[in-house]
Amino acid sequence: MTNAVASAAASAAGAAGNWRRATGIAGAAIGVLAAGAAAGVAVERMTVGRTVRRKARLALDSTGPYGTLRGTPGKAYADDGTELYYEVDEVEPDAGAPPSARRRRLFGRKAPAPVTVVFCHGYCLNQDSWHFQRAALRGVVRTVHWDQRSHGRSGRGVAQNRDREPLTIDRLGRDLKAVVDAAAPEGPIVLVGHSMGGMTVMALAAEYPELIAERVVATAFVGTSSGRLGEVNFGLPVAGVNAIRRILPGVLRALGQQAELVEKGRRATAELFAGIIKRYSFAGRDIDPAVERFAERMIESTPIDVVAEFYPAFTEHDKTGALARFRQMPVLVLAGVQDLVTPSGHSEAIADELPDAELVLVPEAGHLVMLEHPEVVIDRLADLLTRAGAVPAAATVSSYGTSSSSTARPR
C-alpha cells in the first residue's frame, strides 16, 4: 500500500525544480522512509554501472513472464458510471475425459463444483498481482479478475474526477457488487482480497449482507486489515512516522496537482523507487529479479494523482463490524509475518473476530506474499475451496511446492 506512496513522494522531490516548497516537504517526509533503500541503491551503484542496470531493467521488461495471462474481457459499470474492466477464466471442458494431472493435483479426481472465485487486488496494483494463483487455478475453476477503479485497465473514477467526491472504501465495495452482477450474476462465489482488495470485500459485506448470506460460500483475506491503519508505523521510528502522518496527506494533495511534473521525477529516480518497493513489498533476500521488476511495473503504472486520491481512505477504513457476515462460512486469513504495510497483527485481529477461520502466518514474507510465496497461497486457497464444498478432496499443489505446516497457527 504505502510503498507506492513513499516512492512517488520521493521521486517528486527530484522532479519539481522551482516547486521548492512542496518538494522540500516531500523530501523531509520521505527521508526517514527511504534511507534504508537509498543505502542499498548506493552500494549497488558502486559495483554496477548505470547503463548495465538500465539494460537489465529493459531485459526484464521484455522477457518477464509475469502478468501475461489474459482471459475473456468484460466491462461492468459502477453506480457513478465508472467503467470497471474484468476478465473471466472459464473452466476447461473435459468432454468426458479423465481429469488432468493439474486438476488432480489441486483437487483430487473429481471435477470441481461450478463456483466462481473473484480476485480483488490491492492499492497501486492490478489484477495481474494474482498471476501465480491465476495460473494454478486456470481452467480448473471459474475465476474473475478485475481492476479497481483508476487502476489497471479500468477507467478513472467518475465521481472523483467529475464531482470531486472523496474516494472511500465503501465506494469500492459498491464497485465490487457491480463486477459480481456483471461477471458472476448467479451461482456460488468465493471472494479473495489482498490488502485494499480485502477491505473492498469487507465493504461489500457491510452494504450487501444478503449477497454474502445467499451466494458467498468462502472468503480469503490476504495481507489486509479491518481498521486502525492510522496506527501502522511502517517499520519506522516513532518520531519519523509521526512526522510523515502529519504532513503526508497535504504533500500528496500537492503532488497530485502537479502530476505531469511528478511522473517525470519518478522516472528519473527509478533506482531509489525500486529499492523502496522491494523493502515494502518483500521480506526475503532471494526474490526472483523478474518478480521484483513485475511488482515495480504495476506500482509504477499507478499515476501520482491516483495515489493521492486513494490514500486518505485508508485512515477512515473501519469494517470490523462487517466481519460478522463471514462467520458462517470457511474463511482463510493469511499474512506475511514481516509485512510492514498491513502488519500480520491486523490479520490476527481479523481472525479473532472469526474464530473458525484458518489463520496462516507466513515466515519471511512481506506485503506481496502472493508473489513472494505463491505456493503457500495457492495451497491454502485450494484447501479453502475444498472446505467450502466446491471440490471433493484437497491435494498439495506440487508444481509450486508444499506449504509448511508451521506456517499455520492452530486455533
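Look a little higher up for the structure.
Since the structure is predicted, the reported quantities are computational estimates derived from the model, not experimental observations. (Residues numbered from 1 in each chain as written. Predicted model: local features only at pLDDT ≥ 70, side-chain atom pairs only at ≥ 80, totals over all residues. Heavy atoms only, no water.)

K.L.:
Mind showing me how you'd approach the overall build of the protein chain here?
P.N.:
A count of helical and extended segments in the protein chain gives 17 helices and nine strands. Per-residue burial over the protein chain gives 56% buried out of 411 residues. Of the contacts formed within the protein chain by residues at least 6 apart in sequence, a portion of 80% connects residues at least 24 apart. Total accessible area computed for the protein chain in this model is approximately 16600 Å², and 52% of it derives from carbon and sulfur atoms. (Helix = DSSP H or I, 4+ residues; strand = E, 2+ residues; numbered from the N terminus. Buried < 20%, exposed > 50% of the residue type's maximum accessible area, 1.4 Å probe, protein only. Contact = heavy atoms within 4.5 Å. Areas by Shrake-Rupley, 256 points an atom, 1.4 Å probe, with all protein chains shown as cover.)

K.L.:
Could you clarify how one ought to interpret the pairing of strand β5 (residues 189-194) in this entry?
P.N.:
In regular strands, side chains alternate between the two faces of the sheet. Burial within β5 is extensive, with six of its six residues counted as buried. In this sheet, β5 lies alongside strand β3 (residues 116-120) in parallel orientation, the contact comprising five bridges. Within β5, the residue paired with T116 across the bridge is I189. Relative to strand β6 (residues 216-222), β5 runs parallel, the two sharing six bridges. (Pairing = 2+ DSSP bridges.)

K.L.:
Got a minute to help me understand the environment of E214 in this structure?
P.N.:
Considering the arrangement of structural elements, one finds E214 in helix α9 (residues 209-215). Judged by relative accessible area, E214 falls into the exposed class, the value being 65%. For the pair formed by E214 and I189, sequence separation is 25 residues and the distance between their alpha carbons is 9.6 Å.

K.L.:
When you look at the pattern of salt bridges in this model, what are you seeing that I'm missing?
P.N.:
Scanning the model with the defined rule gives 28 salt bridges in all. Between R156 and D305 there is a salt bridge whose closest N-O contact spans 3.3 Å. Of this pair, R156 sits in the loop between β4 (142-146) and α6 (158-162) while D305 sits in helix α14 (residues 304-316), and the two are 149 residues apart along the sequence. The partly exposed category is assigned to D305, whose relative accessible area is 23%. (Salt bridge = Lys/Arg side-chain N within 4 Å of Asp/Glu carboxyl O.)

K.L.:
Sorry, what's going on with the side chain of T224 here?
P.N.:
Structurally, the position occupied by T224 is in the loop between β6 and α10 (238-256). A distance of 2.7 Å separates a polar side-chain atom of T224 from the backbone oxygen of S195. Apart from residues lying up to four places away in sequence, T224 is in contact with S195, G198, M199, M202, T342, H346, S347 and I350. (Polar contact = N/O pair within 3.5 Å; in protein donor to acceptor, adjacent residues only side chain to side chain.)

K.L.:
In this structure, what is going on with the environment of L211? I would like to understand it.
P.N.:
Position of L211 relative to the elements: it lies in helix α9. Taking the C-alpha atoms as reference points, L211 and K177, 34 residues apart in sequence, are found 8.9 Å from one another. Every residue in contact with L211, bar those within four places of it in the chain, is listed here: K177, L204 and V216.

K.L.:
Which parts of the structure should I look at to understand the packing of helix α7 (residues 169-183) against helix α8 (residues 196-207)?
P.N.:
As a packed pair, α7 and α8 sit with axes 7 Å apart at the nearest point and diverge in direction by 80 degrees. Taken together, the axis directions place α7 and α8 in an arrangement best described as roughly perpendicular. Packed against α7, whose contacting residues are I169, D170, L172, G173, R174, L176 and K177, the element α8 presents M196, M199, T200, V201, A203, L204 and E207 at the interface. Here the contact of α7 with α8 is built from residues that sort into eight nonpolar, two polar and four charged. (Axes fitted to C-alpha atoms, helices over the stretch in contact; angles between N-to-C directions. Parallel < 35°, antiparallel > 145°, perpendicular 65-115°, else oblique. Nonpolar A, V, L, I, M, F, W, Y, C, P; charged D, E, K, R; others polar.)

K.L.:
What's the story with α7 in this structure? I'm lost.
P.N.:
In an α-helix, one turn spans 3.6 residues, which is why side chains three or four residues apart end up on the same side. The first and last C-alpha atoms of α7 sit 21 Å apart over 15 residues, in line with the 21 Å expected at 1.5 Å per residue. Where burial is concerned, most of α7 is hidden: eleven out of the 15 residues are buried. Those residues of α7 that fall on the buried side of the exposure criterion are I169, R171, L172, G173, D175, L176, K177, A178, V179, V180 and A183. (Expected span 1.5 Å × (residues − 1).)

K.L.:
How do you make sense of the environment of L125 when you look at a structure like this?
P.N.:
Secondary-structure assignment places L125 in the loop between β3 and α5 (131-137). Sequence separation of L125 and A295 is 170 residues, and the distance between their C-alpha atoms is 8.0 Å. Setting aside anything within four residues of it in sequence, one finds L125 in contact with H151, H194, M298, I299, T302, L368 and M370.

K.L.:
When you look at the packing of aromatic side chains in this model, what are you seeing that I'm missing?
P.N.:
The relative placement of two aromatic rings is captured by the distance of their centres and the angle of their planes. This model, assessed by the stated rule, comprises six aromatic pairs. Residues Y66 and F132 carry aromatic rings whose centres are separated by 5.2 Å and whose planes lie at 50 degrees to one another, so their mutual orientation is tilted. Taken together, the residues span a long stretch of sequence, with Y66 in the loop between α3 (50-63) and β1 (72-77) and F132 in helix α5 at a distance of 66 residues. Residue classification places F132 among the buried residues on the basis of a relative accessible area of 12%. Between F221 and F326 the ring centres are 5.3 Å apart and the planes differ by 90 degrees, which places this aromatic pair in the edge-to-face class. Taken together, the positions of F221 in strand β6 and F326 in the loop between α14 and β7 (331-336) put the pair 105 residues apart, joining distant regions of the chain. (Phe/Tyr/Trp six-rings, centres within 6.5 Å; stacked < 30°, edge-to-face > 60°.)

K.L.:
Any chance you could explain the pairing of β1 here in plain terms?
P.N.:
Sheet analysis places β1 next to strand β2 (residues 83-89), joined by six bridges and oriented antiparallel. In the sheet register, Y77 faces β2, and the bridge partner there is E83. Counted along the chain from β1 to the antiparallel partner β2, the turn is five residues long, and its residue G81 has a positive phi close to 95 degrees.

K.L.:
Just checking my understanding: could you explain the side chain of S154 for this structure?
P.N.:
Within the element layout of this structure, S154 appears in the loop between β4 and α6. Separated by 2.6 Å, the side chain of S154 and the backbone oxygen of D147 make a polar contact. The residues touching S154, leaving out its near neighbours within four places in the chain, are E83, L84, Y85, D147, Q148 and R149.

K.L.:
Any chance you could explain unusual backbone geometry here in plain terms?
P.N.:
Both trends apply: most residues other than glycine have a negative phi, and most peptide bonds are in trans. The backbone of C124 sits at a positive phi, close to 65 degrees, despite the residue not being glycine. One can find C124 in the loop between β3 and α5. The exposure class of C124 is buried, given its relative accessible area of 0%. For S150, which is not glycine, the phi torsion reads 70 degrees and is therefore positive. By the element assignment, S150 lies in the loop between β4 and α6. Given a relative accessible area of 7%, S150 falls into the buried group.

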